[in-house]
Amino acid sequence: MTQTLRANRDRLMQSLDELGRIGAYDAGNGVMGVRRLALSDEDATGRRLVMSWFEQAGLAVSIDQIGNAYADRPGADPALAPVMAGSHVDSVPTGGRFDGALGVLSALEAVRTLNDLSITTPRPITIAYFTDEEGCRFGTDMLGSAVATDRIPLADARALRDADGISVGDELDRLDFAGPEPVGQRRPHAFVECHVEQGPILAREGYDLGVVTGVQGISWRRLTLVGSAAHAGATPTDYRKDAGLAAAQINVRLREMCVSGEFGELRATMGVIRPEPGSVNVIPGRVTATVDLRNPDADALAAAERTLDNFCRELAESSGVHITWQQTARTPPVIFDEHVRVVIASVADRLALRHRPIVAGAGHDAQEWSRLCPTAMIFVPGENDGISHNPLELSTPEQCGHAADALLNTIVTLAGEGA
Ligand code: GLV
Ligand code: MN
Ligand code: MN
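Position labels on residues start from 1 in each chain and follow its written sequence. Written order decides the labels, with chains lettered from A and ligands numbered from 1. The model is predicted, so local features are restricted to residues of pLDDT at least 70 and side-chain atom pairs to those at 80 or more, both for listing and for counting; the totals for chains, interfaces and linings are taken over all residues. With hydrogens and water stripped out, all remaining heavy atoms of the structure feed into the side-chain values.

J.: Whenever I open this one, the coordination of the manganese ion (ligand 2) confuses me. Can you help?
T.: Under perfect tetrahedral coordination by four donors, a metal shows angles of 109.5 degrees; under perfect octahedral coordination by six donors, it shows angles of 90 or 180 degrees. For the manganese ion (ligand 2), the full set of protein donor atoms is H88 (NE2), D99 (OD) and H195 (NE2), at a range of 2.0 to 2.2 Å. For the manganese ion (ligand 2), the donor residues sit on a single chain with the sequence spacing H-x10-D-x95-H. In this description, a donor is an N, O or S atom within 2.8 Å of the metal centre, a cutoff extended to 3.2 Å for sodium, potassium and calcium. Water is not part of the atom list, which can make sites seem incomplete. Between the manganese ion (ligand 2) and the manganese ion (ligand 3), the interatomic distance is 3.6 Å, and D99 donates to each metal, bridging them. In this pair, H88 sits in the loop between strand 5 (83-87) and helix 3 (101-116) while H195 sits in strand 7 (residues 190-196), placing the two residues 107 residues apart along the sequence. This pair shows no difference in class: H88 is buried, exactly as H195 is. Helix and strand assignments follow DSSP, with helices taken as H or I runs no shorter than four residues and strands as E runs no shorter than two, numbered in order from the N terminus. Throughout, exposure labels follow a simple rule: accessible area from a 1.4 Å probe, protein chains only, divided by the maximum for the residue type, with under 20% read as buried, over 50% as exposed, and the rest as partly exposed.

Structure follows, in structure tokens:
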């Protein structure tokens, strides 16, 4: 009979707390948020802390050229490909303690538990964190895993710049995270990522875990709207080329597209709207904005992009505001591997955890690895309607403990395959 193992939930929560103190900020009302933007000093401190934990767990750590960290635990048969588990350490500007961190630290907890029990799995195990999953600083999400899995060339990734003109390459070099391992070398037997759901479904329906069936498509654009800065009081309405107004009109149109039903389950967000010069008495002459479109259906996502293009063209003609855009990230919908999903579901059954299939609303490193090897994810319910990218993000020790147990047993099952 297969042995069912239990992770050390207290140790996991202690590590989550400790990592959560790096980049912590007071979000008001006694709530602490996390700000560890990719390749910032805070991100580097978090990465180094986690790396020290990898080393304390006896793992051999290797950093690749895009700054992804891999920590290898030998298996009984070094000729077999490893099972890989991991996620990210970076956060959005208003992050919580769990997004990404839970996936890295629950994988670490799996290894710590195997160490405690002196268990050697037939296959090696690799735990990892990937550079700039969030994409909010340099504009492209899942960057490190996309480079590691050959979707984005290393040179293109290094050349990406943040709003201050600082490049990924500059920051990797400054922080000493451009490692010696060539990218694109790793070919795991399977990849598993544990992550907070970041939505309300599991908690609302009383489930302990979600077995993630796939990830919706994502399209990110950076818009530049150029009108004419002019006097707020002295410029008659019909003389204005107001870039701020045009940005607002695009935002309203996006909402209309979402509620129209014409594009299936479209979600749209204008997360950056930056007017220049940004003065109370000057009509905005220029706006930089972003559009985030998501849809589980590839055709519906493409149709939404076309509709947005047409709207921007017509708006430019009617308003006199010049509108250009750049595609900064685009990932198609992904379906995860059936076998890995079955392994996760049967592990959850053994642990007597209630689980259901669920589609991921967010982007994840796992979707990049799914091109190279059988991959799936474990979702963990969250309190406060699963709110995430917000300091209120919270999964309880019980919820995190269930996820760690499920990840541990999933890794052990996969690491015993084909031996
Ligand atoms: C990452 O969290 C994303 O989906 O934006
Ligand atoms: Mn994440
Ligand atoms: Mn995130």
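J.: Mind showing me how you'd approach the coordination of the manganese ion (ligand 3) here?
T.: In this structure, D99 (OD), E134 (OE), E134 (OE) and H389 (NE2) serve as the protein donors to the manganese ion (ligand 3), at separations of 2.1 to 2.5 Å. Between consecutive donor residues of the manganese ion (ligand 3), the sequence gaps follow D-x34-E-x254-H. Overall, H389 belongs to the partly exposed group, its relative accessible area being 38%.

J.: In this structure, what is going on with the site of ligand 1? I would like to understand it.
T.: Proximity criterion: a residue is near a molecule or strand once any of its heavy atoms comes within 4 Å of it. Within the structure, ligand 1 sits among E133, E134, W220, R294, A362, G363 and H389. Identification of polar contacts relies on pairs of N or O atoms within 3.5 Å, with a donor-acceptor requirement for protein atoms, meaning one able to donate a hydrogen and the other able to accept it, and with residues adjacent in sequence counted only if both atoms are side-chain atoms. For ligand 1, an oxygen atom lies 2.9 Å from a polar atom in the side chain of E134. R294 is positioned with one of its side-chain polar atoms (N or O) 2.7 Å from an oxygen atom of ligand 1. Areas reported here follow the Shrake-Rupley algorithm with a probe of radius 1.4 Å; residue values treat only the protein chains shown as occluding. Relative to its unbound accessible surface of 190 Å², ligand 1 loses 95% to contact with the protein. Three classes are used: nonpolar for Ala, Val, Leu, Ile, Met, Phe, Trp, Tyr, Cys and Pro, charged for Asp, Glu, Lys and Arg, and polar for all others, with Gly counted as polar. For the shell around ligand 1, a count of residues per class yields 2 nonpolar, 2 polar and 3 charged.

J.: How should I be thinking about the packing of helix 8 (residues 243-260) against helix 9 (residues 298-319) in this particular structure?
T.: Helix packing for two helices is described by the angle between their axes and how far apart those axes are. As a packed pair, helix 8 and helix 9 sit with axes 11 Å apart at the nearest point and diverge in direction by 150 degrees. In this structure, the crossing between helix 8 and helix 9 has a hand that is right-handed. For the pair formed by helix 8 and helix 9, the contact residues are A246, Q249, I250, R253, L254 and M257 on the first element and A304, T307, L308, F311, C312 and L315 on the second. Taken together, the residues of the contact of helix 8 with helix 9 break down into 9 nonpolar, 2 polar and 1 charged. Simply put, an axis is a line fit to the C-alpha atoms, just over the touching stretch for a helix, and the angle between two N-to-C directions goes from 0 to 180 degrees. In this scheme, a crossing is called left-handed if the near helix is turned counterclockwise away from the far one by less than a right angle; it is called right-handed if the turn is clockwise. In this analysis, two residues are considered to be in contact whenever any of their non-hydrogen atoms come within 4.5 Å of each other.

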